[in-house]
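Report on the structure
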Amino acid sequence: MARLNLLEETRYEKLPVSVYGNQQEASLAVAGRIATLIRDKQSKGEQAVLGLATGVTPIKVYAELVRLHKEEGLSFKNVTTFNLDEYFPMKPDAAQSYVTFMYENLFSHIDIDKANVHIPDGTLDKDEVAAFCLEYERQIEELGGLDFQLLGIGRTGHIGFNEPGSAPNSGTRLVTLDDLTRSDAARDFGGKANVPTKAITMGIGTIFKAREIILMAWSAKKAPIVKKAVEGEISGEVPATYLQLSDNVEFVLDEDAASELTRFDTPWLVKDCSWDDNILKKKAVIWLADTIGKPVLKLTEEDYNNHGMAQLAVEQGPVYNINIDIFNQIQHTITGWPGGKPDADDSQRPERALPAKKRSIIFSPHPDDDVISMGGTFIRLVDQGHDVHVAYQTSGNTAVWDDDVLRYMEFAIDFTNSIGEDSGHLAKLYEEMRAFFPQKQPNQIDTREIRNVKGFIRKTEAISGARYAGLPDSNIHFMALPFYETGKTKKNTVGEEDIQLTIDLLQKIKPQQIFAAGDFADPNGTHLVCFNIILAALARLKETEEWVKDCWLWMYRGAWHEFPTHEIEMAVPLSPQEVIRKRNAIFKHQSQKDRPVFPGDDAREFWVRAEDRTSETAKKYDQLGLAEYEAIEAFVRYRF
Ligand code: F6R
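Everything in this summary refers to the structure shown in the same document. (Residues numbered from 1 in each chain as written. Predicted model: local features only at pLDDT ≥ 70, side-chain atom pairs only at ≥ 80, totals over all residues. Heavy atoms only, no water.)

**A word on the nonpolar core**
Grouped together as the largest cluster of nonpolar side chains are 58 residues, with contacts concentrated most on Val285, Tyr304, Phe363 and Leu506. Ignoring anything within four residues of it in the chain, the contact list for Tyr304 reads Val285, Leu288, Leu299, Met309, Ala310, Leu312, Ala313, Val319, Ile322 and Asn323. Core analysis: the next-biggest nonpolar cluster, separate from the first, contains 33 residues, Leu15, Ile140, Leu151 and Ile225 among them. (Core = buried A, V, L, I, M, F, W, Y, C linked by side-chain atoms within 4.5 Å. Buried < 20%, exposed > 50% of the residue type's maximum accessible area, 1.4 Å probe, protein only. Contact = heavy atoms within 4.5 Å.)

Here's what the structure looks like:
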């Protein structure tokens, strides 16, 4: 059983949880604890035995350990490590192997004796695996067990590769990976089909015996599974819940990963809240309406009292007044005039009435985010006469199928021939491409010509989509930001040129309104990088340019998820006809249709996701007692 918890605020949490402002701070703290353990052991002349994890989660911990070694003399001479897992089969020198990962991120940069490094062997014959696993366990035992085990958590709730169904007493063994885990790994392998179906992993029983276990998780993407692991019932369906039985475990989270825990998500259930915070009040009332399935205006005193909101009712009641206040606030988010309604009182409207015709720019991280995420609003802005521009921030050239390239090359050759020109050079390039594709390795970078063709394919689709929405060609901008142009899923860090190109475009248009993708669920994703580039550009422009003071920045979200209702500041309803127009604009992106190269873990096509998302928002508004619309696109203002 985990340590006794004496706090009411964390009463739903079945194991100790520490929350840090961001993953950097949290990683430094965890690295510091590992360093202390190593030094303690050193002072006693003992080995420190560490269980280590791979994945994106521990990268900053390893970076800090490397820094401590290089700058502060931390030695790893007395350290022995056992990695949690390895794909099976897997060659150690493959880019995706955990051997490669561990050497790149840690072992190559520290003074550890390589004989003390243990990583499950992905090169074994299947009939050698069982003996290898027994020996792995024996080696850990022989050294007196693990002093420390570092863990991440998969979205299936796996620790190591102990997928749902794993037993609490499981040892090191060969396992089959869950479908969701394979989808999550698809990017590293250049497609899910290339992800091995099996892995060798330490068992839950192996992990459990460690004298200190730290599980780390970052980003909102992990928030739902973290909630289950911390607050849910112990179950083989979420293997991480077994950690609730340990005396030696701690979860280390950033604020986003912790955001669905009761104390952060619905704090009124576990503590007194300051109800002057309007967002919290709005969130609580919407939550109450949602939870008991009533529209806002029908919530009663009793409903408030029975659902942890008595304090709000006492402080700001009668509850009917609270209901009306919140209802009005939601009502005022709805507008059919996303560029502001001319000649109307705008004191209760999301956008300013003036200037009546605005210069608006829609930044689209990939060439289709504009229409997928806010196609209806895009069309409305154009229909209502605003000077709308769209800027495609990246070329999106990694996300086109290889055979599409051949198709377009064949077209180019035929056309060149048809006008009597010499297609010899084109034909030679085409033959090179044909020879390249069959021997292309997963995630291998395409040749420059192929990357160009892929980029051009997306460019023509984007032009077609934006034209369909009603834009003149002069208002369609392709930025091809350099940070993206690596040809790989891993991008470069943002540079001066990315920011300067953005400054130049903004300075040319001087918009009163900017729309930008505000998805923060994926901390390393292109959308967040693109958003931060816009912010950096605006921060610099703000210092010298007057127009920036009158420029509002609206965030939209992608095909993946929507803003929670209480955060929405502008809700643009779409008629059934507008939904169809938006769908047609999305259809222009043929290379992304049916089955895109990067579908994420959602089997639905982009246009279906977009429609489901906007009709869900409309349904939520309807359930809260507002008008019933076909679909709603949602926006949140970012004040910079
Ligand atoms: C890695 C491992 C996995 C990961 C988990 C989270 O050795 O065993 O359990 O910790 O899949 O992965 P990331 O950190 O990439 O989100």
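Back to the text.
**Description of helix α1 (residues 23-43)**
Counted at 1.5 Å a residue, the expected span for α1 with its 21 residues is 30 Å, and the 30 Å between its end C-alpha atoms agrees. For α1, the set of buried residues is Gln23, Ala26, Ser27, Val30, Ala31, Ile34, Ala35, Leu37, Ile38 and Lys41. With a side-chain oxygen lying 3.1 Å from the backbone nitrogen of Gln24, the N-terminal cap of α1 falls on Asn22. Trailing α1 by a residue or two, Gly45 shows a phi angle of about 70°, which is positive. (Helix = DSSP H or I, 4+ residues; strand = E, 2+ residues; numbered from the N terminus. Expected span 1.5 Å × (residues − 1). Polar contact = N/O pair within 3.5 Å; in protein donor to acceptor, adjacent residues only side chain to side chain.)

**A few points about the site of the ligand**
Within the structure, the ligand sits among 13 residues, and Thr57, Asp85, His158, Gly160 and Lys222 are positioned closest to it. Asp85 has a polar side-chain atom sitting 2.3 Å from an oxygen atom of the ligand. If the ligand stood free it would expose 410 Å²; the protein chains cover 87% of that surface. (Near = heavy atom within 4 Å. Areas by Shrake-Rupley, 256 points an atom, 1.4 Å probe, with all protein chains shown as cover.)

**A look at the side chain of Gln244**
Structurally, the position occupied by Gln244 is in the loop between α7 (223-231) and β10 (249-254). A polar contact is formed between the side chain of Gln244 and the backbone oxygen of Gly232, at a distance of 3.0 Å.

**Here we look at the packing of aromatic side chains**
In total, this model carries 16 aromatic pairs according to the counting rule given. A ring pair is formed by Phe483 and Tyr484, whose centres lie 6.4 Å apart and whose planes are at 85°; its orientation type is edge-to-face. Its relative accessible area of 1% is what places Phe483 among the buried residues. Taking the relative accessible area as the measure of exposure, Tyr484 reaches 2% and is therefore buried. Ring geometry for Phe531 against Tyr638: centres 5.2 Å apart, planes inclined by 75°, an arrangement best described as edge-to-face. On the criterion of sequence distance, the pair formed by Phe531 in helix α18 (residues 526-544) and Tyr638 in strand β17 (residues 631-638) is long-range, its members being 107 residues apart. For Phe531, a relative accessible area of 2% puts it in the buried group. Residue classification places Tyr638 among the partly exposed positions, given a relative accessible area of 28%. Each residue in the set Tyr87, Tyr98, Phe161 and Phe189 is aromatic and connected to the rest through ring pairs, giving one cluster. In this structure, Arg187 is placed above the aromatic ring of Phe598, and the distance from its NZ or CZ to the ring centre is 4.6 Å. (Phe/Tyr/Trp six-rings, centres within 6.5 Å; stacked < 30°, edge-to-face > 60°. Lys NZ or Arg CZ within 6 Å of the ring centre and 35° of its normal.)

**Regarding a negative patch on the surface**
A cluster of acidic residues, Asp272, Asp276, Asp277 and Glu315, forms a negative patch at the surface. When you line up the elements, Glu315 lands in helix α11 (residues 310-316). Residue classification places Glu315 among the partly exposed positions, given a relative accessible area of 46%. (Patch = residues over 30% accessible without salt bridge, like charges linked within 9 Å, V, L, I, M, F, W, Y side chains within 5 Å. Salt bridge = Lys/Arg side-chain N within 4 Å of Asp/Glu carboxyl O. Lys, Arg positive; Asp, Glu negative; His and termini not counted. Charge placed at Lys NZ, Arg CZ, Asp CG, Glu CD.)

**Considering the sheet that holds strand β7 (residues 173-176)**
Across the sheet, which stays open at both edges, the 3 strands sit in the order β4-β8-β7 with antiparallel pairing between neighbours. In this open sheet, the two edge strands, each paired with only one partner strand, are β4 (85-88) and β7. Pairs of neighbouring strands in the sheet enclose a mean axial angle of 30°, with direction left out of account. Of the pairings in the sheet, the one linking β4 to strand β8 (residues 198-201) comprises 4 bridges and is antiparallel in character. Bridge pairing in β8 links Phe88 to Lys198. Running at roughly 125° to β7, helix α4 (residues 126-142) makes contact with β4, β7 and β8 of the sheet. (Pairing = 2+ DSSP bridges. Axes fitted to C-alpha atoms, helices over the stretch in contact; angles between N-to-C directions.)

**Things to note about the sheet that holds strand β5 (residues 117-118)**
Judged by pairing direction, the sheet is parallel, and its 7 strands sit side by side in the order β1-β10-β9-β6-β2-β3-β5 without closing on themselves. With partners counted over all chains shown, the strands left at the sheet margins are β1 (17-20) and β5, one partner each. Sheet topology note: the strand β9 (residues 213-217)/β10 ladder contains 5 bridges and is parallel. Across the sheet, Met216 pairs through a bridge with Val252, a residue of β10. Of the strands in this sheet, β3 (79-83) and β5 are in contact with α4, which crosses β3 at around 150°.

**Comments concerning the pairing of strand β15 (residues 552-556)**
On any regular strand, side chains alternate: one points to one face of the sheet, the next to the other face. Buried residues dominate β15, accounting for 5 of its 5 residues. Of the two faces of β15, both are covered, the one formed by Trp552, Trp554 and Tyr556 as well as the one formed by Leu553 and Met555. Where strand β14 (residues 513-517) meets β15, 5 bridges bridge the pair, whose relative direction is parallel. Paired with Ala517 across the two strands is Tyr556, which belongs to β15. Relative to β17, β15 runs antiparallel, the two sharing 3 bridges.

**Some thoughts on helix α14 (residues 402-418)**
In this model α14 runs 25 Å from its N-terminal to its C-terminal C-alpha over 17 residues, within 8% of the 24 Å that 1.5 Å per residue would give. Those residues of α14 that fall on the buried side of the exposure criterion are Asp404, Val405, Leu406, Met409, Ile413 and Thr416. Elements in contact with the buried residues of α14: α15 (424-436) and α16 (448-468). Of the residues trailing α14, Gly420 is marked for its positive phi of about 75°.

**What about the pairing of β14?**
Where burial is concerned, most of β14 is hidden: 5 out of the 5 residues are buried. Side-chain alternation along β14 places Gln513, Phe515 and Ala517 on one buried face and Ile514 and Ala516 on a second face that is also buried. Two elements, strand β11 (residues 359-364) and β14, share 3 bridges in a ladder whose sense is parallel. Each residue of the ladder has a partner; that of Ser360, found in β14, is Gln513.

**Considering the pattern of salt bridges**
Where side chains of opposite charge bring their charged atoms close, a pairing between them can arise. Counted by the stated rule, this structure contains 43 salt bridges. A salt bridge links Lys281 to Asp325; the shortest N-O distance between them is 3.4 Å. On the criterion of sequence distance, the pair formed by Lys281 in helix α9 (residues 278-292) and Asp325 in helix α12 (residues 319-331) is long-range, its members being 44 residues apart. Relative accessible area serves as the criterion here: at 29%, Asp325 is assigned to the partly exposed category. Linked by salt bridges that have partners in common, Lys41, Glu46, Asp147 and Arg211 make up one network.

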